[in-house]
Amino acid sequence: MSKILVIADHDNVAAKKITLNTIDFAKQLIAKKGGSFDIAVIGNGCGSAAAGLTGYGAGAVHVVEHADLAHPLAQGFAKVVADLAKSIGADVVAMSASSLGKDAMPRVAVRLQAGMASDVIGIVDAGGAVAFRRPMWAGNLVGDVVIDTAVQVVTVRSSAFDAIAASGGASPVQSFAADPGASRAKFVRFEGTQSSRPDLTEAAVVVAGGRGLKDRFGPITEPLADLLGGAIGASRAAVDDGFAPNDYQIGQTGKVVAPQLYFAIAISGAVQHLAGMKNSKTIVAINKNADEPIFKVADYGLVADAFTAVPELVSKIKAVRS
Amino acid sequence: MKILVSAKRVSDPNAKLAISGDGKWVEGDVEYVMNYFCENAIECALALAEEHGDVETVALGVGESDETGRFVRQGALARGIDRGIVVSADEAIIDSDLIARVYQKIVEKESPDLVLIGKQSVDGDSNQVGQLLAEYLDWPQATFASKVEIKGDQIEVTREVDGGLEVVALSMPCVITADLRLNEPRFASLAGIMKAKKKPLDEYELDDLDLGDAAPKVRIAKMTTPSGRKAGVLVKDVDDLVAKLRGEARVI
Ligand SMILES: Cc1cc2nc3c(=O)[nH]c(=O)nc-3n(C[C@H](O)[C@H](O)[C@H](O)COP(=O)(O)OP(=O)(O)OC[C@H]3O[C@@H](n4cnc5c(N)ncnc54)[C@H](O)[C@@H]3O)c2cc1C
């Protein structure tokens, strides 16, 4: 029997969809070990985000608010998570491998004397014990890891779990008094990437561009993304060269996505890039060099110059749709 | 000021990896390289030292002792780090938590003002050690740093996070984890390589460090190679692509 605490990702107003993938992880773990889960919504003025999570079968939704948690930093956030986990007797604490999850959850593990598994993609048996499956070596290998401590902390790779639908019911919303404690770290500012497009990790279509697009990265990727209601992603090289913001990076050290449809445009297909997209349902590669490794994972490969092929693709999709 | 910086060797991610006989790690007989993120951390330490003067830099490697020592010398001391420390440990067994506790013990001995660690190691890909260490020390942290500037008694760090960039200010002592866009790591010069041979390198066994319980909390039960994706087809032209995406894949 397990008591799982799911830490929600949210923007205070509403939960992010990746929270639902973490809930799916919790439900799968309960199916193996038995038990129940609670959800924590930690922030400032985040009551509406909590209210949106009452229909998923949690034992309780805990609202944890504090002025210092408006822009949560790892040290205070981790303390609050650990305090709540102790007070409800949680033996598993899970959050998505979002940047806050990666930043704060190891600190939670120390506070709970717990072992931690990062970026979990599955729950498997290992000789009678429950093991967490996770990618290693940029996903070239996977390891089934067993955590030997009584309390366990995980971050969950959202692309490997379903964004589950509400199951009905009404979990009680409870408030928990937060004390993030003192810290010598201060939030200074956030420089957000402006975009009206869907979140990369939530989009059904991702149009990703590489270094080959140069300073025409936007003019080539945007019309296709907008036509298909997709998000825009990038290779590390395109970000390094300043053609796309850091937040667009897909791969081992960027975001991991698994949309229905992924376009890799002028991307060579280095292992570190594949680590972030190779579980997409349908992959389309457009590259002028037929020998690139991206064609080894693409369902449909088009050997062509992106500067002419992509605009042509946009106009022909428009044509067949009308 | 004193900076402690990470220097970890990893099996070359571009090499063909084979899982060891017991299924719990990769076969040791491969090429190793310095973990890329540690190179960024080392570069950051050197740049801060050059900019501010009067900075002592110390590199720490945890792993198989001879090889780790070689990497600390060639990858860190030859680039300009002042001295090195190697803690001997079995890389197939030690987990992020135990590595962080080793760092904690070295921090207690060395009292650095700043610990700079690669944000993740490209073998295990756990992305935990810096954060674990910061909590063990009860220090503030800034992970995934793409810019580090000392401003008076504060360090201002730009972090790469979901949705954009976050700027935080820390007072020392603190932990910073390096991301790839932090800098362009320099190469070691010939003079640097010669000098490195004479730089001090202290070695410890885990037993020397008074760790209390030196058991890892997490162990690998089994490693496997994921089934790869099958290559699909090359389409003739854009018309063919549109037809397939619509007719066959039904995605547009
Ligand atoms: C530790 C580490 C972590 C990393 N993490 C990541 C990561 O998270 N994500 C990531 O993406 N990379 C990552 N990388 C970098 C990775 O190894 C590659 O360098 C990078 O993915 C290359 O990006 P690219 O394909 O855009 O550029 P390139 O490899 O330079 O490829 C450019 C491509 O564009 C094609 N091209 C050029 N012009 C045109 C045109 N007009 N039309 C069509 N095609 C054209 C070329 O044929 C080529 O295939 C990491 C590397 C390291 C060492």
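Residues numbered from 1 in each chain as written. Chains lettered and ligands numbered in written order. Predicted model: local features only at pLDDT ≥ 70, side-chain atom pairs only at ≥ 80, totals over all residues. Heavy atoms only, no water.

Peer 1: Report on the overall build of chain B, specifying residues and quantitative values.
Peer 2: Scanning chain B for helices and strands turns up six helices and 13 strands. Considering only C-alpha atoms, chain B reaches an extent of 65 × 45 × 40 Å along its principal axes. Counting the 252 residues in chain B, one finds 59% classified as buried. By element, 48% of the accessible surface of chain B is carried by carbon and sulfur atoms, the whole surface being about 10600 Å². (Helix = DSSP H or I, 4+ residues; strand = E, 2+ residues; numbered from the N terminus. Buried < 20%, exposed > 50% of the residue type's maximum accessible area, 1.4 Å probe, protein only. Areas by Shrake-Rupley, 256 points an atom, 1.4 Å probe, with all protein chains shown as cover.)

Peer 1: Can you break down the overall build of chain A residue by residue, with the values?
Peer 2: Helix and strand content of chain A: eight helices and 16 strands. Relative to its length of 322 residues, chain A is compact, with a C-alpha radius of gyration of 21 Å against a globular reference of 20 Å. If you line up chain A on its principal axes, its C-alpha atoms span 60 × 45 × 40 Å. Restricting to contacts in chain A with at least 6 residues of sequence separation, those with at least 24 account for 64%. Total accessible area computed for chain A in this model is approximately 11600 Å², and 49% of it derives from carbon and sulfur atoms. (Rg over C-alpha atoms; globule rule 2.2 N^0.38 Å. Contact = heavy atoms within 4.5 Å.)

Peer 1: Requested: an account of the sheet that holds strand 2 (residues 35–43) of chain A, with residues and values cited.
Peer 2: All names here are of chain A. Ordered in space as 5-9-4-1-2-3-10, the seven strands form an open sheet in which the pairing is parallel. The sheet is open, and its two borders are formed by strand 5 (115–120) and strand 10 (173–175), each paired with just one other strand. Neighbouring strand axes in the sheet, compared pairwise and without regard to direction, differ in orientation by 25 degrees on average. In the sheet, strand 5 pairs with strand 9 (residues 152–156) via four bridges, with the strands oriented parallel. Counted as the bridge partner of G115 is Q152 from strand 9. On the sheet, helix 1 (residues 18–33) packs against strand 1 (2–7), strand 2, strand 4 (92–96), strand 5 and strand 9 and is oriented at approximately 155 degrees with respect to strand 2. Where helix 4 (residues 99–111) meets the sheet, its contacts fall on strand 1, strand 4, strand 5 and strand 9, and the angle it forms with strand 9 comes to roughly 175 degrees. (Pairing = 2+ DSSP bridges. Axes fitted to C-alpha atoms, helices over the stretch in contact; angles between N-to-C directions.)

Peer 1: Which residues make up the interface of chain A and chain B, and what are the values?
Peer 2: The interface of chain A with chain B comprises 85 residues on the first partner and 76 residues on the second. For the pair chain A and chain B, the summed buried surface comes to about 6900 Å²; carbon and sulfur atoms form 54% of the total. A per-residue breakdown of the area chain A buries against chain B is headed by W137(A), R184(A) and Y300(A), which together make up 13% of the total. Linking chain A with chain B are seven salt bridges, by the criterion used here. Measuring nitrogen to oxygen at the nearest pair gives 2.8 Å for the salt bridge that ties R181(B) to D240(A). (Buried area = accessible area lost by both parts, 1.4 Å probe. Salt bridge = Lys/Arg side-chain N within 4 Å of Asp/Glu carboxyl O.)

Peer 1: Requested: an account of the site of the ligand, with residues and values cited.
Peer 2: Around the ligand sit 30 residues, and of these S235(A), I250(A), S268(A), N287(A) and E292(A) come closest. The side chain of S268(A) places a nitrogen or oxygen atom 2.7 Å from an oxygen atom of the ligand. Residue K288(A) places a main-chain N or O atom 3.2 Å away from a nitrogen atom belonging to the ligand. Starting from 980 Å² of accessible surface for the ligand in isolation, the protein chains cover 85%. Of all the cavities here, the one that holds the ligand is the second largest pocket. Residue assignment for the shell around the ligand shows that the elements contributing at least two residues are helix 6 (236–240), helix 7 (271–274) and helix 8 (306–321) of chain A together with helix 1 (36–52) of chain B. Residue classes in the shell around the ligand are distributed as 12 nonpolar, 13 polar and five charged. (Near = heavy atom within 4 Å. Polar contact = N/O pair within 3.5 Å; in protein donor to acceptor, adjacent residues only side chain to side chain. 1 Å grid on protein atoms, 1.4 Å probe; cavity = no way out; pocket = protein on both sides within 12 Å on 5 of 7 lines; lining within 4 Å. Sits in = over half its atoms within 2 Å of the grid points. Nonpolar A, V, L, I, M, F, W, Y, C, P; charged D, E, K, R; others polar.)

Peer 1: Break down the packing of aromatic side chains for me, citing the residues and quoting the values.
Peer 2: Residues and elements named next belong to chain A. Scanning the entire structure with this criterion turns up three aromatic pairs over all chains. Aromatic side chains F25 and F161 sit 5.7 Å apart centroid to centroid with 85 degrees between the ring planes, which places their arrangement in the edge-to-face category. Here the residue F25 occupies a position in helix 1, and F161 occupies one in the loop between strand 9 and strand 10, the gap between them amounting to 136 residues. A relative accessible area of 0% places F25 in the buried class. (Phe/Tyr/Trp six-rings, centres within 6.5 Å; stacked < 30°, edge-to-face > 60°.)

Peer 1: Tell me about the sheet that holds strand 7 (residues 129–136) of chain A, and name the residues and values.
Peer 2: Overall, antiparallel pairing links the four strands, which are arranged 6(A)-7(A)-8(A)-12(B) in an open sheet. With one partner strand each, in any of the chains shown, strand 6 (122–126) of chain A together with strand 12 (218–224) of chain B form the two edges of the open sheet. Sheet twist, expressed as the average angle between the axes of neighbouring strands with direction ignored, equals 40 degrees. Two elements, strand 6 of chain A and strand 7 of chain A, share five bridges in a ladder whose sense is antiparallel. Counted as the bridge partner of G122(A) is R133(A) from strand 7 of chain A. This element, helix 1 of chain A, spans strand 6 and strand 7 of chain A of the sheet and lies at about 20 degrees to strand 6 of chain A.

Peer 1: Describe the confidence of the model for chain B, and please don't skip the residues or the numbers.
Peer 2: Mean pLDDT over chain B: 96, with 100% of residues reaching 70 or higher. The complex prediction reports pTM at 0.97, with the ipTM value standing at 0.97. (pLDDT = per-residue confidence, 0-100.)

Peer 1: Can you explain a negative patch on the surface? Please cite residues and give values.
Peer 2: Taken together, the side chains of E64(B), D66(B), E203(B), E205(B), D207(B) and D208(B) define an acidic patch exposed on the protein surface. Within the secondary structure layout, E203(B) lies in strand 11 (residues 201–205). (Patch = residues over 30% accessible without salt bridge, like charges linked within 9 Å, V, L, I, M, F, W, Y side chains within 5 Å. Lys, Arg positive; Asp, Glu negative; His and termini not counted. Charge placed at Lys NZ, Arg CZ, Asp CG, Glu CD.)

Peer 1: Account for the layout of surface pockets, naming residues and giving values.
Peer 2: Volume-wise, the second largest pocket comes out at about 1000 Å³. Lining the second largest pocket we find 42 residues, and of these R211(A), S235(A), R236(A), A237(A) and S268(A) sit closest to its centre. At the level of secondary structure, the elements contributing two or more residues to the lining of the second largest pocket comprise helix 6, helix 7, strand 15 (282–287) and helix 8 of chain A together with helix 1 of chain B. The element contributing the most residues to the lining of the second largest pocket is helix 1 of chain B, with four residues. Considered class by class, the residues forming the lining of the second largest pocket number 15 nonpolar, 16 polar and 11 charged. (Points joined across faces, edges and corners; volume = space filled by probe spheres on them.)

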